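# Fold and contact review
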Amino acid sequence: MGLRAEMPLLARHEGEWEGTYLHLGRDGGVLDRHRSRITCSIVADAAYHQVNEYTWEDGRTEVHEFPGAYLGGGRCAFDTERISGEFWEVDASTIYLTWVYKAEGEDLKLFELIVLSDDGRSRSRVWQWIRAGECIRRTLIDEKRVG
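Please read all numbers here as calculations on a predicted model, not as lab measurements.

Tallying secondary structure elements over the protein gives two helices and ten strands in all. Listed N to C, the secondary structure of the protein is α-α-β-β-β-β-β-β-β-β-β-β in terms of helices and strands. Relative to the compact-globule value of 15 Å for 147 residues, the protein shows a C-alpha radius of gyration of 15 Å, a close match. For the protein, the spread of C-alpha atoms along the three principal axes comes to 45 × 35 × 25 Å. Counting every position in the protein, which comprises 147 residues, the buried fraction comes to 41%. Of the contacts formed within the protein by residues at least 6 apart in sequence, a portion of 34% connects residues at least 24 apart. Taken as a whole, the protein presents about 7,800 Å² of accessible surface, with 52% of it coming from carbon and sulfur. Positive and negative charge centroids in the protein, built from 19 and 26 side chains respectively, lie 3 Å apart.

Right under this line is the structure:
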């Protein structure tokens, strides 16, 4: 069996997504906001690959690639110079991720839920940034499928 068959929800995320990242501090104040274009693909039905393109109002841009390896049993892992972690499907609409930013150290852990709409045209994502057991930041991401 290939990755698409073992992770059918992940396969439904394939394509291009545009949206907005909103980073909120512990008190709910806005820390950052930027636009995104995310490209999700499954390569040779055996690996996951994601490209994130970010654009800020001041013209700054960033591009990050996240190649993922299928571990079997409905789990994928990623390990880049920037981040490392794992993800899996929770149910028919929700993917769960946990990861660390390597530059921040192991004491900062991120937890993300991605919920795909029934029609597959939109998704919402929520990150919680946890340090020493306390949430220090949240990221809210709303995206629409564009390709």
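In this structure, Leu10, Phe87, Trp99 and Trp127 are the most contacted members of the largest nonpolar core, which totals 28 residues. Ignoring any residue separated from it by four or fewer positions in sequence, one finds Trp127 in contact with Tyr21, His23, Trp99, Tyr101, Leu110, Phe111, Glu112, Arg137, Arg138, Thr139 and Ile141.

By volume, the largest pocket is sized at about 480 Å³. Elements supplying a minimum of two residues to the lining of the largest pocket: β1 (15-25), β2 (30-43), β3 (47-55), β4 (61-72), β6 (83-89), β7 (94-101), β8 (108-116) and β9 (122-131). Residues that form the lining of the largest pocket fall into these classes: 17 nonpolar, six polar and eight charged.

Our focus in this paragraph is the pattern of salt bridges. A complete count under the given rule lists 16 salt bridges for this structure. Close ionic contact of Glu18 with Arg37 constitutes a salt bridge, the shortest N to O distance being 2.2 Å. Here Glu18 is found in strand β1, whereas its partner Arg37 is found in strand β2, with 19 residues between them in sequence. A relative accessible area of 27% places Arg37 in the partly exposed class. Among the salt bridges present, the one from Arg125 reaches Glu112, with a minimum N-O distance of 2.6 Å.

One pass over the structure, following the stated rule, counts nine aromatic pairs. Their ring planes at 90 degrees and their centres at 5.0 Å tell us that Trp99 and Trp127 sit as a pair that is edge-to-face. Residue Trp99 is found in strand β7, and its partner Trp127 is found in strand β9; the two are separated by 28 residues along the sequence. In this structure Trp99 comes out as buried when scored by relative accessible area, which is 6%. Over the aromatic face of Trp88 sits the side chain of Arg75, whose NZ or CZ is 3.7 Å from the ring centroid. Taking the ring centre of Trp17 as reference, the NZ or CZ of Arg123 above it sits at 4.4 Å.

Basis of the calculations
- Residues numbered from 1 in each chain as written.
- Predicted model: local features only at pLDDT ≥ 70, side-chain atom pairs only at ≥ 80, totals over all residues.
- Heavy atoms only, no water.
- Helix = DSSP H or I, 4+ residues; strand = E, 2+ residues; numbered from the N terminus.
- Rg over C-alpha atoms; globule rule 2.2 N^0.38 Å.
- Buried < 20%, exposed > 50% of the residue type's maximum accessible area, 1.4 Å probe, protein only.
- Contact = heavy atoms within 4.5 Å.
- Areas by Shrake-Rupley, 256 points an atom, 1.4 Å probe, with all protein chains shown as cover.
- Lys, Arg positive; Asp, Glu negative; His and termini not counted.
- Charge placed at Lys NZ, Arg CZ, Asp CG, Glu CD.
- Core = buried A, V, L, I, M, F, W, Y, C linked by side-chain atoms within 4.5 Å.
- 1 Å grid on protein atoms, 1.4 Å probe; cavity = no way out; pocket = protein on both sides within 12 Å on 5 of 7 lines; lining within 4 Å.
- Points joined across faces, edges and corners; volume = space filled by probe spheres on them.
- Nonpolar A, V, L, I, M, F, W, Y, C, P; charged D, E, K, R; others polar.
- Salt bridge = Lys/Arg side-chain N within 4 Å of Asp/Glu carboxyl O.
- Phe/Tyr/Trp six-rings, centres within 6.5 Å; stacked < 30°, edge-to-face > 60°.
- Lys NZ or Arg CZ within 6 Å of the ring centre and 35° of its normal.

In short, geometric facts, not functional conclusions.
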